[in-house]
Every structure is written in C-alpha cells, then in structure tokens.
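Report on the structure
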Amino acid sequence: MDLPFVVATLTRRGLLTPGRPIRVASQLQALRKWGWSLAGELRQAAARDPGRVAVVDEQGVELTYQELLDRAERLARAMRTGLGVQAGDRVGVLCRNHHGLIEAVVAATVLGADAVLVNSGLSAAQLATVTEEQRLRVLVHDDEFADRLLGLPAEVHRVDERGLEELIAGALPGDLQPPERDGRTIVLTSGTTGAPKGARRPTPNGFGPLVSIIDRIPLHARDTVMIAAPLFHTWGYAALQVAFALRATIVLHRRFEPAATLAALVAHQCQALFAVPVMVQRLLDVPPPDPRPPLKVVAVSGSALPGGLAPRFMDVYGDVVYNLYGSTEVSWASIAGPADLREAPTTAGRPPHGTRLEILDDDGEPVPNGRVGRIFVGNEMLFEGYTSGARRETHDGLLDTGDLGRVNADGLLFVDGRADDMIVSGGENVFPSEVEDLLARLPQVREAAVIGVPDPDYGQRLAAFLGLHPGEVLDPEAVREYVRHYLARFSVPRDVIFVKYLPRNATGKVLSRELRRYYG
C-alpha cells in the first residue's frame, strides 16, 4: 500500500497527532518488537495511553490499557509455568464478550500459541469435535458453558472464570520475550450448513489493513466504541483489532439486549457501534432513547443486510450505517457507506483501497456489469487456509468467496447469496435474497427467509418463512400475490409459513437447516 495514502489516512483519523516523545518511542518499539498481532496492538496502546480506559463492561468493571496488558501478561506466565503452554500449542477460548476473552487471546499470542475462538452456540458434541480436530491443550471458558465440557478428553486443561482469576493472581514473576513463532488466531466458520471449520487468520504486517478500513469508515483515535458483535466471530475480532489500534475505549456486554445496548451507548457516549444486521434490526424494535446516543458510525457485517433496514435505521439515528461485506476467509471485500445505502439499500458497496474484486464466470472469465457471477476477492488479509488442510479455489491471486453477485454500472456490488443456496425451480434460477428483500419491505414483516424445498414437479419450490411484528397478521395468498406483482412467477413462494422468530446462530445468520426440519 502506498505510503502517502497511509500517512494521509492516519493523519485524518488522528493517529499521527503529536504525543510525549518517550511514549511515542515506546509505542513504536512495541510494534517493532511484537509485531501487529493482538498482543502487539495492545502493547502499543498501553505504551502510548497507559491510563486510558481500554475496556468497560455492563457490571461497571473498568480496565486501563496498562491494567489489561498486565493481566494478559500475568496470564501468559501462568499458562506457561502452570499449564505448560508453549509455542505451537492451541488454546481454545469459549467466552462471551468480556475482558477475559481478550486476556486469554493475548496471553496465547504472547506465548506463540494459537488462540482458537470457539463459537458460543456450539453443542456439546460439536465442542468435542472442535477440541479433537484443533488439538486443544487448554480451554478457557465462561462458567455458563461448563455443562458442554463433559465429553472433552481429560488431558485438556479447563479454565473457568474463577480459574482464570486464580491464574492471573498467582502468576510468578518472569520475563516475556517475543516467541519463536507467531501465534495465530483461528476462527471457526459459522457452520450454518454443517460442522464448523477452523480458518487460520493472518497477522497484519503493517498499517495496510487498518487504513483500508478506517479510510472508508470514519473511526478516530480515542473514540469510545461498543462491540456488540461476538468477539469470537471474524467481525467482532476485527473490531477489537481496530479498537486497539485506535486506542479506543471498548464497551462490552456479555449478551446483546436492545434496550440495554441503547442505554450503554448513551451512558458511555459511544461514537461507534459494531454489530451484526439482526442486532440493528432489533434496536428498531424498542423506542429510541432521548437524547439519542452520539453515534457517528454503526458498522455492520457478518450476514446479509436486509432490504430497507439501513434507511429505516438511519431515519431514526442519522446517516451512520456502514455495511462491510466479507467473510472469515477473505476478511473484507467491499464497504457501503450511508450515501450508498440511501441510493441502493441492499448494496455491499465498493472495494476499499488495496482490495481487488472481480465477478467471474465458471471458466474464470470476467462477466459484464449487471450479470451475475462468482465473487472473487484479493487483499493482504486473505486467510491462510483451513486447519484441516483444505483450501479455497483461487484465480490470479483472488480467492473464491463462495458467493454469487453482480456489479452495476456505478461500480456498486450486490450479493445475491451463496452459490450453493441458489434454488432451481422448474429449470429457473432463483436467488433467495431477492425474494427475502422484497418480503422484508412489507410493513407487517419483521424478518424473512426463503429456502428451496423438494418438489415432485419442479425439482424445488420456494418456501418463505416470515416473522411478523407483534399484533400483525398476513394472509399467505396475499403474500404470494405481492411477490407475483413484482417478480417472475417462478420466484413466488408456494409455501408461506409464519414463525415467531427465525432460527439464527450466534452471529445472526439464519440456520437454513433448521427451517428444512419443518419438512421432516
């Protein structure tokens, strides 16, 4: 990435403001010695702003950057001497959003161990599989997940919340030096269609990834940000990395609850919120606070942004929504800002600086604007492969996202959905997202999902699952007639099923396999 762009962006976002020379020197020394891992980012923040509040939670616990670093380093020493963790080992972290998750990940990284971020929605059987496949030496977990650990091998060290505090309190003095190998962060894929896979995340090698994001999303040094997206998910973890780089104050709640989130945004005067789309949707289900929180950025990612959601939210809270399209494998692909979302509410935006995006056909050739093809992405944060050894298809340095999409004449990307989610009904290709976005515009509808189900005559037919706002009713035939008015006949759902809530995983993605159980 070109130096003038990096310098201009860092200056614009307040990261090159003058500081005390000794602290600036310590900050740069921390990055030089420890690199751009989460541990390095925490060290540089503690060196520059040691007394700034780093993390605050719903129980009022506050830790400064220096206190957070001290706790993480004590935990690292205790893991090394008490649990035998060394470079190359893997430490599982099964925690909700609180400082203990951060401390465990940083401690593992300091030792050169790989931190495996475990999805809190895994069942006991899935957790046992992940533990075996990832060869976990230690599992740090919240107390609420204790019942899911019964099937784990005896040799796996279990560290609950009390155990974590005891390790930190009882750590012996000792020196910590950069490890012989860099610890990696392993993120588990969402597993909406099967068992989750471990994806190795690369460590940034400079300012490039940061400036790619903050150039398009106006986050500033020393902002106060609330990370509502799960930290074990790629988006929540990326938000944590950005927050550390900005020396931000991070507000965390273990569970997302709309009214409590809005209250925290006001109480802590948050300038930014990182969330997944379903959280933004739920914030609209409760009355807005008075006064409104001073939000300048509501950054969403992790699942498709339903049609109409961004404009409705911005009508209440201002033009603050930024939609990042990406995945565990490609990190980011494109970003849509408020103006983009006002113009085209379902757009995924445009690639940020330093990112290549192409729409290719099955032969690897570019398709014309407006035509649907496979989305390929290239940037400096492409994942390093699955821990199983499996890879994703690449083409000319670009990685296959597994999604289908198109780019319009203005250069805006639109994602039509997963390639394997496309429904073929009577020989016609139907993208569920197009029907879902249309159904979401009905004023009675709170959320919508469309899947393909077996049909003896057409191969597949469309089934629509609708969650309605409280007190609302809809007639299935009226729903079909509404779709028939706007879309082709093969896009009309034959089945219309009303549900209280759509089944979702911890990151807000709809679990299609759960919907298919309706059909036995």
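As a starting point, this report considers the structure included with it. None of these values were measured; they are calculated from a predicted model.

Looking now at the sheet that holds strand β22 (residues 445–455). Taken in spatial order, the three strands make up an open sheet running β22-β23-β24, and their pairing is mixed. Every interior strand has two partners, whereas the edge strands, β22 and β24 (495–499), have only one. Each strand of the sheet is rotated relative to its neighbour by a mean of 25°, with strand direction disregarded. In this structure, strand β23 (residues 459–468) lies alongside β24, joined through five bridges in parallel fashion. Paired with F465 across the two strands is I497, which belongs to β24. Strands in contact with helix α14 (residues 432–440) are β22 and β23; relative to β22, the strand with the most contacts, it is inclined by about 145°.

Next up on the list: the packing of aromatic side chains. Aromatic ring pairs are reported here in terms of the distance separating the ring centres and the angle at which the planes meet. As enumerated under the stated definition, the model contains eight aromatic pairs in all. Taken together, a centroid distance of 4.7 Å and an interplanar angle of 75° make the contact between W36 and F207 edge-to-face. In this pair, W36 is assigned in the loop between α2 (21–34) and α3 (38–48) and F207 in the loop between β8 (198–201) and α8 (208–216), connecting sequence segments 171 residues apart. The exposure class of W36 is buried, given its relative accessible area of 17%. For F207, a relative accessible area of 34% corresponds to the partly exposed category. Taken together, a centroid distance of 5.4 Å and an interplanar angle of 55° make the contact between W235 and F274 tilted. Of the two residues, W235 is situated in helix α9 (residues 234–246) and F274 in strand β11 (residues 272–275); the sequence distance between them amounts to 39 residues.

Okay, the packing of α14 against helix α15 (residues 476–486) next. Packing of α14 against α15 brings their axes to within 11 Å, and their N-to-C directions diverge by 115°. Taken as a pair, α14 and α15 cross one another with a handedness that is right-handed. Only V479, Y482, V483 and Y486 of α15 make contact with α14, whose side of the interface consists of V435, L438 and L439. Of the residues contributing to the contact of α14 with α15, the split by class is seven nonpolar, no polar and no charged.

By the definition in use, this model includes 34 salt bridges. Notably, a salt bridge pairs E393 with R374, separated by 2.6 Å at the nearest N-O pair. Of this pair, E393 sits in the loop between β16 (373–378) and β17 (394–395) while R374 sits in strand β16; the two residues are 19 residues apart in sequence, bridging distant segments of the chain. Overall, E393 belongs to the partly exposed group, its relative accessible area being 42%. Judged by its relative accessible area of 16%, R374 is buried. Across the pair E447 and R446 runs a salt bridge whose closest N-O atoms are separated by 3.0 Å. Of the two residues, E447 and R446, neither departs from the other in class, the shared state being buried.

Look at any regular strand and the pattern is simple: side chains alternate between the two faces of the sheet. What you see with strand β12 (residues 297–300) is no split at all: V297 and A299 on one side and V298 and V300 on the other are buried throughout. One ladder, built from four bridges, connects β11 with β12; its direction is parallel. Each residue of the ladder has a partner; that of A275, found in β12, is V300. Tracing the backbone out of β11, into helix α11 (residues 277–283) and back to the parallel element β12 gives a crossover that is right-handed.

Criteria and cut-off values
Residues numbered from 1 in each chain as written. Predicted model: local features only at pLDDT ≥ 70, side-chain atom pairs only at ≥ 80, totals over all residues. Heavy atoms only, no water. Pairing = 2+ DSSP bridges. Helix = DSSP H or I, 4+ residues; strand = E, 2+ residues; numbered from the N terminus. Axes fitted to C-alpha atoms, helices over the stretch in contact; angles between N-to-C directions. Contact = heavy atoms within 4.5 Å. Phe/Tyr/Trp six-rings, centres within 6.5 Å; stacked < 30°, edge-to-face > 60°. Buried < 20%, exposed > 50% of the residue type's maximum accessible area, 1.4 Å probe, protein only. Left-handed = near helix turned anticlockwise from the far one by under 90°. Nonpolar A, V, L, I, M, F, W, Y, C, P; charged D, E, K, R; others polar. Salt bridge = Lys/Arg side-chain N within 4 Å of Asp/Glu carboxyl O. Right-handed = clockwise from strand over helix to strand, strands pointing away.

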